[in-house]
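Chain by chain, the residues:
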Amino acid sequence: MNRSKMYPCKRCGACCRLVGNNPWGKKMARPSGVCKWLDEQTNLCKIYAKRPLICRVDQYYEQFLSDEISREEFYQLNLEQCKLIQKRKE
């Protein structure tokens, strides 16, 4: 993995608070829809080193999409979705 480039996550926790709305995230969510591993006080993942692949933007890209689109395009798509999720949280 090219560690010089990493997805620029702001660690706001917005995506973790809506994980239950995603079909892939339902098993990770509390009844409220918030990820069961999110520390809601710090917005940090309690299992960060062992988090699921769907939460690992760079590894997900490398495993499934690196032959399809550029890393920059993938980051841009993720950043656009991130902004929408943050607005929804407000």
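Please refer to the structure placed before this passage.
Here's what I pulled together on the structure shown here. For clarity, every value in this text was computed on a predicted model and none was experimentally measured.

Calculation criteria
Residues numbered from 1 in each chain as written. Predicted model: local features only at pLDDT ≥ 70, side-chain atom pairs only at ≥ 80, totals over all residues. Heavy atoms only, no water. Helix = DSSP H or I, 4+ residues; strand = E, 2+ residues; numbered from the N terminus. Rg over C-alpha atoms; globule rule 2.2 N^0.38 Å. Buried < 20%, exposed > 50% of the residue type's maximum accessible area, 1.4 Å probe, protein only. Contact = heavy atoms within 4.5 Å. Areas by Shrake-Rupley, 256 points an atom, 1.4 Å probe, with all protein chains shown as cover. Lys, Arg positive; Asp, Glu negative; His and termini not counted. Charge placed at Lys NZ, Arg CZ, Asp CG, Glu CD. Core = buried A, V, L, I, M, F, W, Y, C linked by side-chain atoms within 4.5 Å. Phe/Tyr/Trp six-rings, centres within 6.5 Å; stacked < 30°, edge-to-face > 60°.

1. A closer look at the overall build of the protein
Step number 1: For the protein, the helix and strand inventory stands at 3 helices and 2 strands.
Step number 2: When the helices and strands of the protein are placed in sequence order, the string is α-β-β-α-α.
Step number 3: Against the compact-globule benchmark of 12 Å for 90 residues, the protein has a radius of gyration of 13 Å, which places it among compact chains.
Step number 4: With respect to the three principal axes, the spread of C-alpha positions in the protein is 35 × 30 × 25 Å.
Step number 5: Considering the protein as a whole, with its 90 residues, one finds that 23% of them fall into the buried category.
Step number 6: Contacts in the protein between residues at least 24 apart in sequence constitute 38% of all its contacts with a sequence separation of at least 6.
Step number 7: About 6800 Å² of surface is accessible on the protein, with carbon and sulfur atoms providing 54% of the total.
Step number 8: Each charge class in the protein can be summarised by its mean position, and for the 18 positive and 10 negative side chains these summaries are 9 Å apart.

2. Considering the nonpolar core
Across soluble globular proteins, nonpolar side chains show a tendency to be buried alongside one another.
Step number 1: Ranked by size, the top nonpolar core spans 6 residues in total: Val19, Met28, Ala29, Val34, Cys35 and Leu38.
Step number 2: Aside from chain neighbours lying at most four places away, what touches Ala29 is Val19, Gly20, Val34, Cys35 and Lys36.
Step number 3: Formed by 5 residues, the second largest nonpolar core is a distinct cluster that contains Tyr7, Val57, Tyr61 and Phe74.

3. Points about the packing of aromatic side chains
Step number 1: On inspection of all chains with the given rule, the structure shows 3 aromatic pairs.
Step number 2: Between Tyr7 and Tyr75 the ring centres are 5.5 Å apart and the planes differ by 70°, which places this aromatic pair in the edge-to-face class. Highlighted residues: Tyr7 in the segment before helix 1 (14-17) and Tyr75 in helix 3 (residues 71-89), separated in sequence by 68 residues. As far as burial versus exposure is concerned, Tyr7 and Tyr75 are alike and both buried.
Step number 3: Ring plane angle 45° and centroid distance 4.9 Å describe the contact between Tyr60 and Phe64, whose orientation is recorded as tilted. Note that Tyr60 and Phe64 are positioned in helix 2 (residues 57-65) at a spacing of 4 residues, about one turn of the helix.

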